[in-house]
Amino acid sequence: MHKLDTNKENTWCPGCGNFGIMNAFKKALAALTNKGIDPKSIVITSGIGCHGKIFDYLNVSGIYSLHGRALATAQGIKLANPELNVICFGGDGDSLGEGLEHTMFAAKRNMDITLLLHNNGTYGLTTGQASPMSLQGYRGISTPQGNIERPFTPITLMYEAGATYISRSYSTKIDHLTEVITGAVLHKGFSFVEILQPCISYNNTYDLYNQKVRIMDGVPSNETVAYSLARNKDDIHIGIFKDESIPIYHEQLLGSHIPANERITRNHRCEIIKSMYP
Ligand SMILES: Cc1ncc(C[n+]2csc(CCOP(=O)(O)OP(=O)(O)O)c2C)c(N)n1
Ligand code: SF4
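Residues numbered from 1 in each chain as written. Chains lettered and ligands numbered in written order. Predicted model: local features only at pLDDT ≥ 70, side-chain atom pairs only at ≥ 80, totals over all residues. Heavy atoms only, no water.

Caption draft 1: Examining the packing of helix α6 (residues 154-161) against helix α9 (residues 223-231) more closely. It is at 8 Å that the axes of α6 and α9 come closest, and there the two elements cross at 150 degrees. The angle between α6 and α9 places the two elements in the roughly antiparallel class. Along its contact with α6, which presents Ile155, Thr156, Tyr159 and Glu160, the element α9 presents Glu223, Ala226, Tyr227, Ala230 and Arg231. Of the residues contributing to the contact of α6 with α9, the split by class is 5 nonpolar, 1 polar and 3 charged. (Axes fitted to C-alpha atoms, helices over the stretch in contact; angles between N-to-C directions. Helix = DSSP H or I, 4+ residues; strand = E, 2+ residues; numbered from the N terminus. Parallel < 35°, antiparallel > 145°, perpendicular 65-115°, else oblique. Contact = heavy atoms within 4.5 Å. Nonpolar A, V, L, I, M, F, W, Y, C, P; charged D, E, K, R; others polar.)

What follows is the structure, given as structure tokens:
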């Protein structure tokens, strides 16, 4: 694997969970290389937020996208060149708030890409407004008297949308997170990794997660068990909740065609379209 560090100054707060995510991601890239994945085939996208800064700190090709549009960008890259392994970094605000529709539809299509969701339960970069994942009672600058809303469960949402690899890990469990990310990238289809990520400045959840996080023994035997484990708030279960193999989007849409390699002229494209409507 080539050198992954960049010369950009790291501006994450000391103690931020994003450091653990970046370490695990680097280890996962090494593991993927050992498993035969060409590092040059890895492409990343990110949203805007503290999570998105990871883009600057990794020497990997990709696009630093717009807030809420990291997955739209990832899907475009994959459809243009299905030979690439596309990995998207999203925040809970980014991918479950403003960009939720892209998350739902990428999962529904079973796009063969990976979403690494930095779930810190707040809008970190913009200094602590409540996010869709903020707990009821969360106090931040937009909810000074405590958040009235309740968060939903990303794992069960992804089940409902149709994601085929659904998992959760914790930014301090580097080996576990490395394994889950590696499995997600190797998976054929939409893979979702919810990463519990304490934001030490606006939502310090280290004590909560250190007390409650439990590693599951294996993949739950069925959906009912998976839902109940995912929603359990007394024990926060991490591991793979679902790992299913079904046809993927670009293969059904494009067959073996690789648009990036076989570009066609505008005239040729018009002819193809005309021939579809005799
Ligand atoms: C279209 C658009 N809307 C809003 C913003 C302002 N904005 C930047 S980051 C952010 C929230 C970041 O929260 P999250 O995605 O959870 O990432 P975190 O900073 O917590 O990692 C917002 C609202 C923006 N840059 N662009
Ligand atoms: S504000 Fe929170 S998420 Fe952002 S760098 Fe600081 S600790 Fe990390």
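What follows continues from the structure just given.
Caption draft 2: Summary view of the side chain of His118. Tracing the backbone shows His118 in strand β4 (residues 114-119). With residues near it in sequence (within four places) discarded, His118 still touches Asn18, Ile21, His51, Ile54, Phe89, Gly90, Gly91, Asp92, Ile195 and Gln197.

Caption draft 3: Quick peek at the packing of helix α3 (residues 70-80) against helix α5 (residues 100-109). Across the interface, α3 lies against α5 with an axial gap of 8 Å and an inter-helix angle of 35 degrees. Read as a crossing pair, α3 and α5 show a hand that is left-handed. Residue-level inspection shows Leu71, Ala72 and Gln75 of α3 in contact with α5, the latter providing His102, Thr103, Ala106 and Arg109. Among the residues making up the contact of α3 with α5, the classes are represented as 3 nonpolar, 3 polar and 1 charged. (Left-handed = near helix turned anticlockwise from the far one by under 90°.)

Caption draft 4: Structural detail: the site of ligand 2. The local shell around ligand 2 consists of Trp12, Cys13, Cys16, Cys50, Asn120, Gly124, Gln197, Cys199, Ile200, Ser201 and Tyr202. Of the residues that constitute the shell around ligand 2, the class distribution is 7 nonpolar, 4 polar and no charged. (Near = heavy atom within 4 Å.)

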